[in-house]
Amino acid sequence: MIKENYEQLKKEIGDAVTLVAVTKYHSIEETLEAYDAGVRHFGENRVEGFLEKRQALPEDAEVHFIGTLQSRKVKDIAGHLNYLHSLDRESVAKKIEQYSPHAVKCFVQVNVSGEASKHGLSPEEVPGFLETMAAYSKVQVIGLMTMAPHTEDESEISAVFGRLAALRDSLRTENHDNIQVEELSMGMSNDYGIAIRHGASYVRIGSKLMGSR
Ligand SMILES: *Cc1c(COP(=O)(O)O)cnc(C)c1O
């Protein structure tokens, strides 16, 4: 089933967009099944799951941390962390600088919709935050990430993704070596089509690929 799902999704998404398979609710066996189907990017939102999947997967797989990361836990995963999608606090950057043996590709998480339940910076806070990131050479900012509101209203979702793309466009000229605001991590099982229409370059897909739980 995972193989069929993956082939269908690849057809829809194309090669220009990186599909991150979100395996947070799925077993190691299912995760390896996705690897065998061709998936090479995996997403986990908890430290335990991240380490468990990292250990089980072959070396050429990349495991992305997509959830809120407490700064005191950075050291537990720093050695394996290639992508972080949820950077929104300087305390996390400090710990990456302190503990990571290599540069970590980071998306700054933006709370475009302004919902109180969502993590991330407000769009207005992003430029100032990027300036502070210039001091952390192991934090390599590659773009912005957001989550759409939970709604059936496609125009509302579309507006959120459009605003993230516009914010990215306004920040592209940042001139620090470790800050390149280019990529957009947005779109999940229910809204990746809308996200791709707005220029998503990374989509994070769980249930539609791995099966619902
Ligand atoms: C769980 C999760 C996803 C995937 O959600 P699906 O709706 O199952 O595709 C994507 N991004 C984040 C940050 C998540 O926590």
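Cut-off values and rules
Residues numbered from 1 in each chain as written. Predicted model: local features only at pLDDT ≥ 70, side-chain atom pairs only at ≥ 80, totals over all residues. Heavy atoms only, no water. Near = heavy atom within 4 Å. Polar contact = N/O pair within 3.5 Å; in protein donor to acceptor, adjacent residues only side chain to side chain. Areas by Shrake-Rupley, 256 points an atom, 1.4 Å probe, with all protein chains shown as cover. 1 Å grid on protein atoms, 1.4 Å probe; cavity = no way out; pocket = protein on both sides within 12 Å on 5 of 7 lines; lining within 4 Å. Sits in = over half its atoms within 2 Å of the grid points. Nonpolar A, V, L, I, M, F, W, Y, C, P; charged D, E, K, R; others polar. Points joined across faces, edges and corners; volume = space filled by probe spheres on them. Helix = DSSP H or I, 4+ residues; strand = E, 2+ residues; numbered from the N terminus. Axes fitted to C-alpha atoms, helices over the stretch in contact; angles between N-to-C directions. Parallel < 35°, antiparallel > 145°, perpendicular 65-115°, else oblique. Left-handed = near helix turned anticlockwise from the far one by under 90°. Contact = heavy atoms within 4.5 Å. Salt bridge = Lys/Arg side-chain N within 4 Å of Asp/Glu carboxyl O. Buried < 20%, exposed > 50% of the residue type's maximum accessible area, 1.4 Å probe, protein only. Core = buried A, V, L, I, M, F, W, Y, C linked by side-chain atoms within 4.5 Å. Arc of directions from axis to C-beta.

*Asks:* Even after reading the chapter, I still don't get the site of the ligand, so can you show me in this structure?
*Replies:* Neighbouring residues of the ligand: Val22, Lys24, Ile66, Met147, Met188, Ser189, Arg204, Ile205, Gly206 and Ser207. For the ligand, a nitrogen atom lies 2.9 Å from a polar atom in the side chain of arginine 204. At 2.9 Å from an oxygen atom of the ligand is found a main-chain nitrogen or oxygen belonging to serine 207. Across the complex, the protein chains shield 86% of the 390 Å² of accessible surface that the ligand would expose by itself. A molecule is said to occupy a pocket when more than half its atoms come within 2 Å of that pocket's grid points, and by this definition the ligand occupies the largest pocket. In the shell around the ligand, the residues fall into 5 nonpolar, 3 polar and 2 charged.

*Asks:* What exactly am I supposed to notice about the layout of surface pockets here?
*Replies:* Here the idea is plain: a probe the size of a water molecule rolls over the atoms and shows the empty space left. For the largest pocket, the calculated volume is near 940 Å³. Together, 35 residues line the largest pocket, and Lys24, Met147, His150, Met188 and Ser189 are the ones closest to its centre. Elements with a minimum of two residues in the lining of the largest pocket: helix 7 (154-171), helix 8 (192-197) and strand 8 (202-205). The greatest single-element share of the lining of the largest pocket, amounting to 3 residues, is contributed by helix 8. When grouped by side-chain class, the residues that make up the lining of the largest pocket number 11 nonpolar, 16 polar and 8 charged.

*Asks:* I keep staring at the packing of helix 1 (residues 2-13) against helix 2 (residues 28-37) and nothing clicks. Help me out?
*Replies:* Packed helix pairs are specified by the crossing angle of their axes together with the interaxial distance, meaning the distance between the axes. Orientation of helix 1 relative to helix 2, taken along the N-to-C sense of each, is 45 degrees, at an axis distance of 9 Å. By the angle between their directions, the pair helix 1 and helix 2 is classed as oblique. Remark: the crossing between helix 1 and helix 2 carries right-handed chirality. In contact with Ile2, Lys3 and Tyr6 of helix 1, helix 2 contributes Glu30, Glu33, Ala34 and Ala37. Of the residues that constitute the contact of helix 1 with helix 2, the class distribution is 4 nonpolar, no polar and 3 charged.

*Asks:* Would you mind showing me how to read the pattern of salt bridges here?
*Replies:* Two side chains bearing opposite charge may form a pair once their charged atoms approach each other closely. Counted under the stated rule, the structure contains 11 salt bridges. Close ionic contact of glutamate 48 with arginine 46 constitutes a salt bridge, the shortest N to O distance being 3.5 Å. Aspartate 169 is the partner of arginine 168 in a salt bridge, and the nearest nitrogen-oxygen pair spans 2.9 Å. Residue classification places arginine 168 among the buried residues on the basis of a relative accessible area of 10%. Three or more residues joined by partner-sharing salt bridges are found here, namely Arg168, Asp169, Arg172 and Glu182.

*Asks:* Looking at this model, I keep getting lost on the nonpolar core. Mind explaining?
*Replies:* The tendency in soluble globular proteins is for nonpolar side chains to be buried as a group. With 62 residues, the main nonpolar core has Leu84, Leu87, Met133, Val139, Leu144 and Leu209 as its most contacted residues. The dominant element in this core, judged by the number of residues it contributes, is helix 7, at 7 residues. Ignoring any residue separated from it by four or fewer positions in sequence, one finds leucine 84 in contact with Phe65, Leu69, Val92, Ile96, Val104, Lys105, Cys106 and Phe107. Within the second largest apolar cluster, 6 residues are counted, among which are Val20, Tyr83, Phe107 and Tyr202.

*Asks:* How do you make sense of the side chain of glutamine 109 when you look at a structure like this?
*Replies:* Take glutamine 109: it is sitting in strand 5 (residues 104-109). The class of glutamine 109 is buried, set by a relative accessible area of 6%. In this structure, glutamine 109 is in contact with His85, Ser86, Leu87, Asp88, His119, Gly120, Leu121, Met145 and Met147, ignoring residues within four places of it in sequence.

*Asks:* Would you mind going over the environment of isoleucine 157 with me for this structure?
*Replies:* Tracing the chain through its elements places isoleucine 157 in helix 7. Spatially, the C-alpha atom of isoleucine 157 lies 7.7 Å from that of aspartate 191, the residues being 34 residues apart in sequence. With sequence-adjacent residues up to four places away left out, isoleucine 157 is seen in contact with Ala148, Pro149, Thr151, Asp191 and Ile194.

*Asks:* Just to check I follow, could you spell out helix 6 (residues 126-133) for this structure?
*Replies:* Listing the buried residues of helix 6 in full gives Val126, Phe129, Leu130 and Met133. Along the axis of helix 6, the buried positions cluster into a sector of 100 degrees, meaning they face one direction only. Considering only its buried residues, helix 6 is in contact with strand 4 (83-87), helix 5 (90-99), strand 5, strand 6 (139-145), helix 7 and strand 7 (179-185).

Nothing here speaks to function; it is geometry throughout.
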